[in-house]
Amino acid sequence: MAYAVKEVQSFHHLKSTFVLNLLSIGFGSITYYYLGCLLNSSNQPHLSKGYFPYVLIGISASTLLANTLSGMVSALSHEQDLGTFEIILLSPLPDCIAFFGLGLWQVFYSSMISLGYIVVCAVSDPTGLSFTCIFGTLIIFFLGGIFALGLGGMISGLNLYFKTGISIAWILSSLFILLGDIYFPIHILPLWLQKIAHFLPLTLMVATLRDLWLASHSLSHISSFLWLLSLYSISSLILFVFLLHWILAKMRQKGTLSSG
Amino acid sequence: MFCNLSWSLSPAKAYILHGRNATGKTSLLKMAATLLLPDSGEVSVTSLSSRQDPIGVRQKMTYLAPHEGTFYGNLNGWQNLTFFGRIQNIPAKYLIPAMMKLADLFSLSEHLKLPVEKYSSGMKQKLSLIRTFALNRPLILLDEPDRFLDDASVQILKNLCIEQVQKGHTVLLTTALANATFEGSHFTLLNGTVAQGV
């Protein structure tokens, strides 16, 4: 709770950033609207309503992951530079709780930005809007947020120790663009890349969101995807806890918790 | 950095650790605070091992960092204090009165609504001291606590240390100044070992 209050208090000073982010959603959406005008001729199932809603859903899911990763890496690196990271680790709570506290705001903020694209999608075609869509989207964002928190925590931890986390975040973001089913259907990729793409949690998130919004599938129809996404999320959290334990032990041995 | 170092601190006493720059004073305090792990050996606080039970050790101690920038510059002094207090799991009904009392003592109350980025080095040091002493823990680790402070504030700091000792707490503070006049047992860290006297 303390972390949330601190972030809200900091955010008060960053309202302009939020407004700029909203503007970027607007500009991005318009760009893809016109791009969609060019590409609406495909007969793929998820493209039956056109390219515009198709790409918005892809961007929404990839924004959640990419923004959380880069946001967590930057935030924790900033804490280390400030010296506040050491002070936070003095709290009588497990270290992973401090990381979660610092990362939750990034997940929340990225989710809000990502949901903005879903809102544009719903406004552009209100006929697809239903309770199932909204409820299912919230579940997917919740599970995707947990996955992003675990993955972001791992990369932030690596960044604190090896100082290469921001590069990893950028590489993953590029990989998401290539294999995440965001801008184009993955069936146009070579077969071996398709096999990798199918295993990515982002591809799963995008496909499930499109099933809800563009194919009007029910929650029971997507339940197997949700279980799989839950598995990814729990696995990322467990891996994160183990990796963090190892990294912080190394940093405590080397005395590099603080940059100062 | 340390060789065969064995040092035991008693409750209700103040220890002043002298030493030149780069002799390991900060490292020693960080080891006691669980921020640094020794290559070998053990640091224990009230019979709790910092290696086996770091969370238990953190519940017993409070630590003043040696650098001034351990706050969020865009938050005000009060927001910083309440954040760092909350993550220590101390109920607000104990924490807030203690912080207010200390802020009054250091004449910082009227500046607590200012963003910390506008604070002078001395004000930040006072804020660090408030954060440290408000926790009321049995072991108080202070790394060069008199840095940036004026004479009046140093006197307040000395009185606070005496008050903590009277409560039965242990105070361990470091200083690079040989003429520091804190009350307590004086030791010197040199060549990786601790010896009594300055």
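Rules used in this analysis
Residues numbered from 1 in each chain as written. Chains lettered and ligands numbered in written order. Predicted model: local features only at pLDDT ≥ 70, side-chain atom pairs only at ≥ 80, totals over all residues. Helix = DSSP H or I, 4+ residues; strand = E, 2+ residues; numbered from the N terminus. Rg over C-alpha atoms; globule rule 2.2 N^0.38 Å. Core = buried A, V, L, I, M, F, W, Y, C linked by C-beta atoms within 7 Å. Buried ≥ 20, exposed ≤ 12 C-beta atoms within 10 Å, placed from the backbone. Contact = placed C-beta atoms within 7 Å. Nonpolar A, V, L, I, M, F, W, Y, C, P; charged D, E, K, R; others polar. Pairing = 2+ DSSP bridges. Right-handed = clockwise from strand over helix to strand, strands pointing away. Axes fitted to C-alpha atoms, helices over the stretch in contact; angles between N-to-C directions. Parallel < 35°, antiparallel > 145°, perpendicular 65-115°, else oblique. Left-handed = near helix turned anticlockwise from the far one by under 90°.

Engineer: I tried to follow the overall build of chain B on my own but got confused; where do I start?
Structural biologist: Across its full length, chain B carries six helices and eight strands. The order of helices and strands in chain B, counted from the N terminus, is β-α-β-β-α-β-α-α-α-β-α-β-β-β. Taking 198 residues into account, the globule formula puts the C-alpha radius of gyration at 16 Å, and chain B, at 16 Å, falls close to it. If you line up chain B on its principal axes, its C-alpha atoms span 50 × 35 × 30 Å.

Engineer: Help me understand the nonpolar core, please; the structure alone is not making it clear to me.
Structural biologist: As a rule of thumb, nonpolar side chains are buried together in soluble globular proteins. Counting residues in hydrophobic clusters, the biggest one holds 114 residues, and the most contacted among them are Leu69 of chain A together with Ala32, Ile130 and Leu141 of chain B. At 15 residues, the largest contribution of residues to this core is made by helix H3 (residues 51–82) of chain A. Setting aside residues up to four positions removed in sequence, Leu141 of chain B forms contacts with Leu29, Ala32, Ala33, Met61, Tyr63, Leu64 and Leu172 of chain B.

Engineer: Just to check I follow, could you spell out the interface of chain A and chain B for this structure?
Structural biologist: Interface size is commonly expressed as the accessible area that is lost once the parts come together. At the interface, 23 residues of chain A touch 25 residues of chain B. Put simply, the parts of the chain that give the side of chain A that touches chain B at least two residues each are helix H1 (2–11), helix H4 (84–88) and helix H10 (219–254) of chain A. For the side of chain A that touches chain B, the element with the highest residue contribution is H1 of chain A, accounting for five residues. Taken together, the residues of the side of chain A that touches chain B sort by class into eleven nonpolar, nine polar and three charged.

Engineer: Got a minute to help me understand the environment of Phe106 of chain B in this structure?
Structural biologist: All names here are of chain B. By the element assignment, Phe106 lies in the loop between helix H4 (92–105) and helix H5 (121–133). For Phe106, a count of 22 C-beta atoms within 10 Å gives the class buried. Apart from residues no more than four positions distant in its own chain, Phe106 is found in contact with Lys126, Leu129, Ile130, Ser153 and Ile156.

Engineer: It is not clear to me how the pairing of strand S6 (residues 170–175) of chain B should be interpreted in this structure. Could you clarify?
Structural biologist: Side chains on a regular strand alternate between the two faces of the sheet. Residue and element names in this part refer to chain B. Counting buried residues in S6 gives six out of six residues, a clear majority hidden from the surface. Going residue by residue along S6, you find Thr170, Leu172 and Thr174 tucked away on one face and Val171, Leu173 and Thr175 tucked away on the opposite face as well. The sheet contact formed by strand S5 (residues 139–143) and S6 spans five bridges and is parallel. Residue pairing for S6: Leu141 is matched across the bridge by Leu172. Tracing the backbone out of S5, into helix H6 (residues 151–166) and back to the parallel element S6 gives a crossover that is right-handed.

Engineer: Quick question: what am I supposed to make of the sheet that holds strand S8 (residues 193–196) of chain B here?
Structural biologist: Sheets are built from strands paired through backbone hydrogen bonds, the pairs being either parallel or antiparallel. Residues and elements named next belong to chain B. Taken in spatial order, the six strands make up an open sheet running S4-S5-S6-S1-S7-S8, and their pairing is mixed. The outermost strands of the open sheet, each flanked by one partner alone, are strand S4 (61–64) and S8. The sheet shows a mean angle of 20° between the axes of neighbouring strands, direction not considered. Two strands pair when backbone bridges link them, and strand S7 (residues 185–190) and S8 are joined in this way by four bridges, in the antiparallel orientation. Along S8, the bridge assignment pairs Thr188 with Ala195. Those strands touched by H5 are S4 and S5, and its axis lies near 175° from that of S4.

Engineer: Is there a simple way to explain the packing of H3 of chain A against helix H5 (residues 95–124) of chain A in this structure?
Structural biologist: A pair of packed helices is captured by two measures, namely the crossing angle of their axes and the spacing between those axes. All names here are of chain A. At a minimum axis distance of 8 Å, the contact between H3 and H5 shows a crossing angle of 165°. By the angle between their axes, H3 is roughly antiparallel relative to H5. As H3 runs across H5, the sense of the crossing is right-handed.

Engineer: What is the right way to read helix H1 (residues 25–32) of chain B from this model?
Structural biologist: Count 3.6 residues to each turn of an α-helix, and residues three or four apart come out pointing the same way. Residue and element names in this part refer to chain B. Within H1, seven of the eight residues are buried, which leaves it mostly tucked inside the rest of the structure. Listed as buried for H1 are Lys25, Thr26, Leu28, Leu29, Lys30, Met31 and Ala32. Those residues of H1 hidden inside the fold are in contact with strand S1 (14–18), strand S2 (44–45), S4, S5, S6 and S7. Following H1 by one or two positions, Thr34 adopts a phi angle in the positive range, close to 70°.

Engineer: Whenever I open this one, the environment of Leu178 of chain A confuses me. Can you help?
Structural biologist: Residue and element names in this part refer to chain A. Structurally, Leu178 is set in helix H7 (residues 165–179). C-beta crowding within 10 Å serves as the criterion here: with 15 such atoms nearby, Leu178 is assigned to the partly exposed category. Separated by 84 residues in the primary sequence, Leu178 and Pro94 have C-alpha atoms spaced 37 Å apart.

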